[in-house]
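Inside the fold
This is what each chain is made of:
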Amino acid sequence: MLIRTHTCGELRDTHVGQTVNLSGWVNAYRDHGNLIFIDLRDRYGLTQLVFDPEDANEAGAANTGDKHAHTGMMGDADKLRNEDCIAVRGVVRIRRGGENPKLPTGKVEIVVQQLDVLSKTDNPPFLPDDNSTLPNEEIRLKHRYLDLRRPSMQKVLGTRSKAMQVIRNYFAGENRFLEVETPILYKSTPEGAREFLVPCRNMPGTFYALPQSPQLFKQILMMSGCDRYMQICRCFRDEDPRADRQPEFSQVDLEMSFVRRDQITEMMEGFVRRFWKEMCGYEVPTIQRMSYRDAMEDYGIDRPDTRYDLKIKDISTFAARTEFGVFKSVLEKGQDRPRFNSKRGVVKAMRVPGGADKLTRKITDGYSSLAQRFGAGGVAVVKVIKAEDGSPKLDTGIAKFLEPLKADFIREVGAQIGDTVLFVADTYAIATKAIGELRQQVARDMGMIPKPGAEGGPWNFLWVLDFPMFEKNKETGKWIAMHHPFTAPRDDQRDLFVNADVNDDDTLESIVSAGYDIVLNGSEIAGGSVRIHDRAVQAKVFQLLGLSPEQAKEKFSFLLEALSYGAPPHAGIAFGLDRLIMHICGTDNIRDVIAFPKTQIGADLMTRAPSKATDAQLKDLHVASTWVEKPS
Ligand code: ASP
């Protein structure tokens, strides 16, 4: 076999006259009478090969002295097809057919003297060509080896590999984080999602759980004196299918000892700055901070997309003065300070600049269906148009109810001629959620989301801080930790927390945690918290979450014990690696940034995982299946 001397992306006019060996795949094949042109492709690029009996004989004669050797080679070249894997030896010359400025190797071509056909291709289900129409994703995933040959996919793999290098350099290199691997065979962690279980043959009837994250191991590492920990790790969550989720995904997992919130946010901001600089040459400015409360009030979501300027306003006080029945009935039970548990009502408004023209009746009718999906009754609409005398006039929708208070209304929402104002009235939780979702849809409909520039972006980063410690699970009515149960209350909340009673909903809802997220363009790219390092505080959290002392001991005795032997104050965070790469590569499809992803229902179409276990395997594992095959 010819061993390559160069890659397919390497040769330039400075190599002219040299004899080189290249290996790769036939990317394109052109037969020009007795000349054959091939674009040879490998991970690094494309190089043009020429099979020319005349030139090849001239060049080759010097080497082999055999004038007839090339007849066989021309015959083999003639039979080459796209995606055959070959190696060649030849001489670099300036392209006779003129330069191809699109290729870095576009000045030269190789006159082939020797061809090794390393592996022929059967008729492939598709060609890995970014310029032609690709088959559907199912076929691409089934033949992932072909799909990954595409230059754009190779680029993503390269970006991901570089990202991991930048991450390691920053944390493990410069900042002396210790890279530690934590177990994959683990036990249940209370982070909310359903878990994957692995039956344990040697301890019949017991199961490992695959980690949702290495949360407790990294905390234990702090208690073990590791000081700073990092890991690029795989996490597993058996969640319901969603387009942007994978059952296994990668996190950049981090933890630091002897820090409070500001030290960790500073370290992470430094990382974000380094990462964007090295990955796409972008200088991240100081990351703005926003409280959870403000995010929910102004944007209706805890991960606001701040690339566009659409704000939500609570206009309950004004709305109570109108005669509009829906507003009245929602506000009847009185207004309240914003509380998620509250059954009382609010009226939220969003001014859409320039919406009067763009948001047609059909579009705004669709908004009502959207709001209904989140439990709201619908969306009320009013347009601000120009009256004949040039003054603002309220039109359509609920205009007649607002007309008597027009001047106040316009002042209240800052409306201008040409705007549409949208309203959702409901309990605080429903109205906030519904109008938050609506805001994103309006931004899409109004074309407010900026298109990425040459370097990607625009990148709007945001710290969201001061999350509530607890929230009520809608289905069970029980209190759960908003981040996870190892998150500490913010320093100034300690007294409130220590005195909190599990039945005191008002207090529990108001306790603020020392958690933080980094949000980028409306998606959460990292989340973490200052942790509890005091055993009594941890025990109290378990109690408030409804765990009896016995249950807490059964599940977390190792943590509670470790907390009893001199645990340092510590804090951590985890970045979603797949999300980071999606942002850098400008794709919305998580499967495009993972070499071997799973489908929405968790299937690997190439290897056909998951698959059935044999009866013998199940017996060995002491597992019986209750699954009944449905008749087809
Ligand atoms: N373990 C958390 C998560 O996976 C992150 C953290 O708190 O560090 O979301």
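Residues numbered from 1 in each chain as written. Predicted model: local features only at pLDDT ≥ 70, side-chain atom pairs only at ≥ 80, totals over all residues. Heavy atoms only, no water.

Another point: the overall build of the protein. In terms of regular secondary structure, the protein is built from 21 helices and 22 strands. Seen through its principal axes, the protein has C-alpha atoms that stretch 100 × 80 × 60 Å. When the 632 residues of the protein are sorted by exposure, 47% land in the buried category. Long-range contacts, defined as pairs at least 24 residues apart, comprise 68% of the intrachain contacts of the protein with a sequence gap of at least 6. Each charge sign in the protein was given a centre, from 85 positive and 88 negative side chains, and these centres are 1 Å apart. (Helix = DSSP H or I, 4+ residues; strand = E, 2+ residues; numbered from the N terminus. Buried < 20%, exposed > 50% of the residue type's maximum accessible area, 1.4 Å probe, protein only. Contact = heavy atoms within 4.5 Å. Lys, Arg positive; Asp, Glu negative; His and termini not counted. Charge placed at Lys NZ, Arg CZ, Asp CG, Glu CD.)

Lining the immediate environment of the ligand, one finds 14 residues, of which Gln215, Lys218, His483, His484 and Arg531 sit closest. A distance of 2.7 Å is found between an oxygen atom of the ligand and a side-chain nitrogen or oxygen belonging to Lys218. Residue His484 places a side-chain N or O atom 3.0 Å away from an oxygen atom belonging to the ligand. Contributing elements (two or more residues each) for the shell around the ligand: helix H6 (215–223), strand E21 (523–530) and strand E22 (570–576). Considering each element in turn, the shell around the ligand owes the most residues, three residues, to E22. Within the shell around the ligand, the residues separate by chemical class into two nonpolar, eight polar and four charged. (Near = heavy atom within 4 Å. Polar contact = N/O pair within 3.5 Å; in protein donor to acceptor, adjacent residues only side chain to side chain. Nonpolar A, V, L, I, M, F, W, Y, C, P; charged D, E, K, R; others polar.)

A separate point is the sheet that holds E21. As a general point, the strands of a sheet are linked pairwise by backbone hydrogen bonds and lie either parallel or antiparallel. The strand order across the open sheet built from eight strands is E6-E9-E10-E22-E21-E20-E17-E11, with neighbouring strands paired in mixed fashion. Two strands close off the open sheet at either side, each with one partner strand: strand E6 (178–179) and strand E11 (288–291). Pairing between strand E20 (residues 515–520) and E21: six bridges, direction antiparallel. Counterpart to Ile518 in the pairing with E21 is Ala526. Running at roughly 150° to strand E9 (residues 228–236), helix H5 (residues 151–174) makes contact with E6, E9 and strand E10 (248–257) of the sheet. Lying on the sheet, helix H20 (residues 577–585) is in contact with E9, E10, E20, E21 and E22; it crosses E22 at an angle near 50°. (Pairing = 2+ DSSP bridges. Axes fitted to C-alpha atoms, helices over the stretch in contact; angles between N-to-C directions.)

Together, Met1, Ile3 and Leu118 give the surface a local cluster of nonpolar side chains, amounting to about 340 Å² of exposed area. Within the secondary structure, Leu118 is located in strand E5 (residues 108–119). Of the residues examined, Leu118 reaches a relative accessible area of 34% and is grouped as partly exposed. (Patch = residues over 30% accessible without salt bridge, like charges linked within 9 Å, V, L, I, M, F, W, Y side chains within 5 Å. Areas by Shrake-Rupley, 256 points an atom, 1.4 Å probe, with all protein chains shown as cover. Salt bridge = Lys/Arg side-chain N within 4 Å of Asp/Glu carboxyl O.)

The next thing to look at is the nonpolar core. Within the largest apolar cluster, 60 residues are counted, with the highest numbers of intra-cluster contacts made by Phe171, Met268, Phe275, Trp276, Phe461, Phe470 and Phe575. If you tally residues by element for this core, the top one is helix H7 (residues 261–280), at nine residues. Setting aside its immediate chain neighbours within four residues, Phe575 contacts Ser250, Gln251, Val252, Leu254, Met268, Phe271, Val272, Ile518, Ile525, Ala526 and Leu580. Listed in part, the 33 residues of the second largest apolar core include Tyr292, Val346, Tyr367 and Ile435. (Core = buried A, V, L, I, M, F, W, Y, C linked by side-chain atoms within 4.5 Å.)

Along the polypeptide, Asp84 turns up in the loop between helix H2 (69–78) and strand E4 (85–94). Within the local environment of Asp84, its side chain forms a polar contact with the backbone nitrogen of Thr121, the two atoms lying 2.7 Å apart. When neighbours within four sequence positions are excluded, Asp84 is seen to be in contact with Gly24, Trp25, Val26, Lys79, Ser119, Lys120 and Thr121.

Going through the model one piece at a time under the given rule, you end up with 21 aromatic pairs. Geometrically, the ring pair formed by Trp463 and Tyr516 is edge-to-face, given 6.1 Å between the ring centres and 90° between the ring planes. With Trp463 in strand E17 (residues 461–465) and Tyr516 in strand E20, this residue pair connects regions lying 53 residues apart in the sequence. Judged by relative accessible area, Tyr516 falls into the buried class, the value being 1%. Three or more aromatic residues joined by ring pairs form one cluster here, namely Tyr170, Phe171, Phe177, Phe271, Phe275, Trp276, Tyr282, Trp459, Phe461 and Phe575. The ring of Tyr29 has Arg81 lying over it, and the distance from NZ or CZ to the ring centre is 5.2 Å. (Phe/Tyr/Trp six-rings, centres within 6.5 Å; stacked < 30°, edge-to-face > 60°. Lys NZ or Arg CZ within 6 Å of the ring centre and 35° of its normal.)

What follows is about the packing of helix H12 (residues 361–373) against helix H15 (residues 428–445). Contact geometry for H12 and H15: axes closest at 10 Å, N-to-C directions at 150°. When the axes of H12 and H15 are compared, the crossing they make is right-handed. Residues Ile363, Tyr367, Leu370 and Ala371 of H12 lie in contact with H15, whose contacting residues are Ala434, Glu437, Leu438, Gln441, Val442 and Asp445. Taken together, the residues of the contact of H12 with H15 break down into seven nonpolar, one polar and two charged. (Left-handed = near helix turned anticlockwise from the far one by under 90°.)

Our focus in this paragraph is the state of the cysteines. Applying the stated criterion across every chain yields a total of zero disulfides. There is no disulfide at Cys226, and the cysteine sulfur nearest it, in Cys233, is 15 Å away. Cys233 carries a free sulfur, and the closest cysteine sulfur to it, the one in Cys235, is 4.0 Å from it. Since its relative accessible area comes to 5%, Cys233 is described here as buried. (Disulfide = S-S within 2.5 Å.)

Next up on the list: unusual backbone geometry. Of the consecutive residues Ala609 and Pro610, the connecting peptide bond is found in the cis state with omega at -5°. Looking at the secondary structure, you find Pro610 in the loop between H20 and helix H21 (615–621). Although it is not a glycine, Arg176 sits at a positive phi angle of roughly 60°. Of note, Arg176 is situated in the loop between H5 and E6. When its relative accessible area of 71% is taken as the criterion, Arg176 is described as exposed.

By themselves, these figures tell us nothing about what the structure is for.
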